[in-house]
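# Report on the structure
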Amino acid sequence: MKNDPKISFAPNGLSPGLYVHVPFCKTKCPYCDFYSIAGGDVAGWLDALSKEAALHRGLFGKCDTLYIGGGTPSLLGEGEVRELFELLTGSFDFSGEAEITIEANPDDVTAARLAAWRDLGINRVSLGVQSFDDAELRFMRRRHDAAQARAAAALISEAGFASVGLDLIYGFEGQSAASWERTMRSAVELVPAHLSCYQMTIEPATEFGKMLQAGTLEIPDEESQRRFFLQTSQFLCEHGYVHYEISNFARGEAHISRHNRKYWRHAPYLGLGPSAHSFDGRKRWWNVRSVEAYCRRLAGDESPIEDSETLSDDELAFETLCLGFRTRDGVPLETLGQYPGWQSALAALAGESLVTVKNGRAVPTLEGFCLADRLALAFAE
Ligand code: SF4
């Protein structure tokens, strides 16, 4: 294949994960910056994906996680998901105890689709609920309402998946602390194994980004966002969840997302599909964003990789700090010891109650979580 850089995984002792980007959505949500298009040629994308997967045949031993994200993977019909699994199993081995996750939107969830996912070995569903307030869902232009979200969560639980996760969003125009608490309360009543609570960030290229520039949309200020963040952590920890990463909560250690933990631990991962990113422990590369260009390149035996970067030792070390401070694991003191003046930097952060030292690691406090990148800079600058 032309333009195919020789990719070799140089894992840092951590097992690799596989990500597949499904680039289709029924409609585009105004705040979303993930690559997806409304409609599109699913058969053409599956053909191209099959070629891309074959490029990496034998690259991994066993993959212990597979994450099917997007876009909206739950839009795929049962036959299309089967085809996806056939092409993946032709090139990768994720048999055995692998964590296999699919992202789903509530309005796509049916008993037949869930049964097909279970048959294929999918054991984790991440449901994009976003809010349990119908007016907020209309503001975000989601296609479901709160009743559909509850019904979908119940169907997933009845179908016997090992883990159900709900995604929620906070920190947008018109949302109050009271409505956010109602949404979190509705979520915990469904007893999900995992909750991701993302602060709405508005990128300039999105529809909300343009409205923000035009002055027709507002976002809560930094202090309000901080209060939402603290409220989220307090409420969910009181309801039995472990706050293990800035935006992520698990109902006990067993339900921490194994796949996402790879990103925070700098483990290698391979991303397939338009716009997907990969990392081999030193080098990062990413595919072209457009589905059309992705399919055209693979049909013409060209690599879909748009560009790559190789991290220097310093860049790699700094990323390790930033990622570590995003999690409850923090950063080992041994790692901090590479930076001159680390002890006084640590003492200053501890003095501001942003970090504590536990079991030989510098661990962010809740306030420190809000400032993860600042914590990393305190050592690296
Ligand atoms: S938020 Fe989800 S459903 Fe909406 S456009 Fe983005 S990927 Fe698609």
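Fair warning: this is a prediction, and the values are worked out from it, not measured in the lab. (Residues numbered from 1 in each chain as written. Predicted model: local features only at pLDDT ≥ 70, side-chain atom pairs only at ≥ 80, totals over all residues.)

### Looking at the overall build of the chain
Helix and strand counts for the chain come out as 15 helices and 17 strands. For the chain, the C-alpha radius of gyration of 21 Å lies close to 21 Å, the compact-globule estimate for 381 residues. In terms of overall dimensions, the chain has a C-alpha envelope of 55 × 50 × 45 Å along the principal axes. Within the span of the chain, comprising 381 residues, buried residues form 39% of the whole. Look at the contacts in the chain between residues 6 or more apart in sequence, and 71% of them connect residues 24 or more apart. (Helix = DSSP H or I, 4+ residues; strand = E, 2+ residues; numbered from the N terminus. Rg over C-alpha atoms; globule rule 2.2 N^0.38 Å. Buried ≥ 20, exposed ≤ 12 C-beta atoms within 10 Å, placed from the backbone. Contact = placed C-beta atoms within 7 Å.)

### Points about the sheet that holds strand E15 (residues 331-332)
Strand order in this open sheet of three strands is E15-E17-E16, and the pairing throughout is antiparallel. Here the strands that pair on one side only, and so sit at the sheet edges, are E15 and strand E16 (355-358). Pairing geometry for E16 and strand E17 (residues 361-364), over four bridges, is antiparallel. Across the sheet, residue Val-355 finds its bridge partner in E17, namely Pro-364. (Pairing = 2+ DSSP bridges.)

### Here we look at the packing of helix H2 (residues 78-89) against helix H3 (residues 111-120)
Where H2 contacts H3, the two axes come as close as 10 Å, and the packing angle between them is 15°. One way to sum up the angle between H2 and H3 is to call them roughly parallel. The two elements H2 and H3 cross, and the hand of that crossing is right-handed. Of the residues in H3, those in contact with Glu-78, Val-81, Arg-82 and Phe-85 of H2 are Ala-112, Arg-113, Ala-116, Trp-117 and Leu-120. For the contact of H2 with H3, the class distribution of residues is six nonpolar, no polar and three charged. (Axes fitted to C-alpha atoms, helices over the stretch in contact; angles between N-to-C directions. Parallel < 35°, antiparallel > 145°, perpendicular 65-115°, else oblique. Left-handed = near helix turned anticlockwise from the far one by under 90°. Nonpolar A, V, L, I, M, F, W, Y, C, P; charged D, E, K, R; others polar.)

### A few points about the domain arrangement of the chain
What the domain assignment lists for the chain is domain 1 (17-264) and domain 2 (313-380). The centre of domain 1, based on its C-alpha atoms, is set 29 Å off from the matching centre of domain 2. In this assembly, nine residues from domain 1 lie in contact with eight residues from domain 2. For the side of domain 1 that touches domain 2, the elements supplying multiple residues, two or more each, are helix H8 (222-238) and strand E9 (242-245). For the side of domain 1 that touches domain 2, the element with the highest residue contribution is H8, accounting for four residues. Residues that form the side of domain 1 that touches domain 2 fall into these classes: five nonpolar, two polar and two charged. (Domains from an automatic or database assignment.)

### Considerations on the site of the ligand
Neighbouring the ligand are the residues Cys-25, Lys-28, Cys-29, Cys-32, Phe-34, Ser-36, Gly-70, Gly-71, Thr-72, Asn-105 and Gly-128. Here the shell around the ligand is composed, by residue class, of four nonpolar, six polar and one charged. (Near = placed C-beta within 6 Å.)

### Observations concerning the pairing of strand E1 (residues 17-22)
With six of six residues buried, E1 is to be regarded as a mostly interior element. Along E1, one buried face is formed by Gly-17, Tyr-19 and His-21 and the opposite face, lined by Leu-18, Val-20 and Val-22, is buried too. Across four bridges, E1 lies against strand E11 (residues 269-272) in parallel orientation. Residue Val-20 lies in a different strand from E11, and its bridge partner there is Leu-272.

### Some thoughts on the packing of helix H1 (residues 42-55) against helix H10 (residues 291-299)
Where H1 meets H10, the axes come as close as 9 Å, and the angle between the chain directions of the two elements is 50°. Taken together, the axis directions place H1 and H10 in an arrangement best described as oblique. H1 and H10 meet at a crossing whose hand is left-handed. Between H1 and H10, the residues in contact are Gly-44, Trp-45, Ala-48, Lys-51 and Glu-52 and Val-291, Tyr-294, Cys-295, Leu-298 and Ala-299, respectively.

### Some words on the confidence of the model for the chain
In this model, the chain carries an average pLDDT of 93, and 97% of its residues clear a pLDDT of 70 or more. For residues 2-7, every residue scores under 50 in pLDDT, and the model assigns this stretch ten contacts once sequence neighbours within four places are set aside. (pLDDT = per-residue confidence, 0-100.)

### Section: the nonpolar core
Formed by 67 residues in total, the largest nonpolar core has its most connected members in Leu-18, Leu-66, Leu-127, Ile-156, Leu-168 and Leu-195. At five residues, the largest contribution of residues to this core is made by strand E7 (residues 163-170). Residues within four places of Leu-168 in sequence aside, it is in contact with Val-129, Gln-130, Ser-131, Thr-183, Ala-187, Leu-195 and Cys-197. By size, the runner-up hydrophobic cluster in this structure holds 15 residues, among which are Leu-321, Leu-346, Val-355 and Ala-376. (Core = buried A, V, L, I, M, F, W, Y, C linked by C-beta atoms within 7 Å.)

### Describing the environment of Ser-179
Following the sequence through the fold, Ser-179 ends up in helix H6 (residues 177-189). Residue Ser-179 is classed as partly exposed on the basis of its 16 C-beta neighbours within 10 Å. A C-alpha to C-alpha distance of 25 Å links Ser-179 and Ser-157, two positions 22 residues apart in sequence.

### Details of unusual backbone geometry
Residue Gly-71 follows Gly-70 across a cis peptide bond; omega there is 25°. Note that Gly-71 resides in the loop between strand E4 (65-70) and H2. Despite not being glycine, Val-191 shows a phi value in the positive range, around 50°. Here Val-191 is to be found in the loop between H6 and strand E8 (194-199). According to the C-beta neighbour criterion, Val-191 is exposed, with 12 such atoms within 10 Å. Despite not being glycine, Asn-359 shows a phi value in the positive range, around 50°. Residue position: Asn-359 is located in the loop between E16 and E17. Given 8 C-beta atoms within 10 Å, Asn-359 falls into the exposed group.

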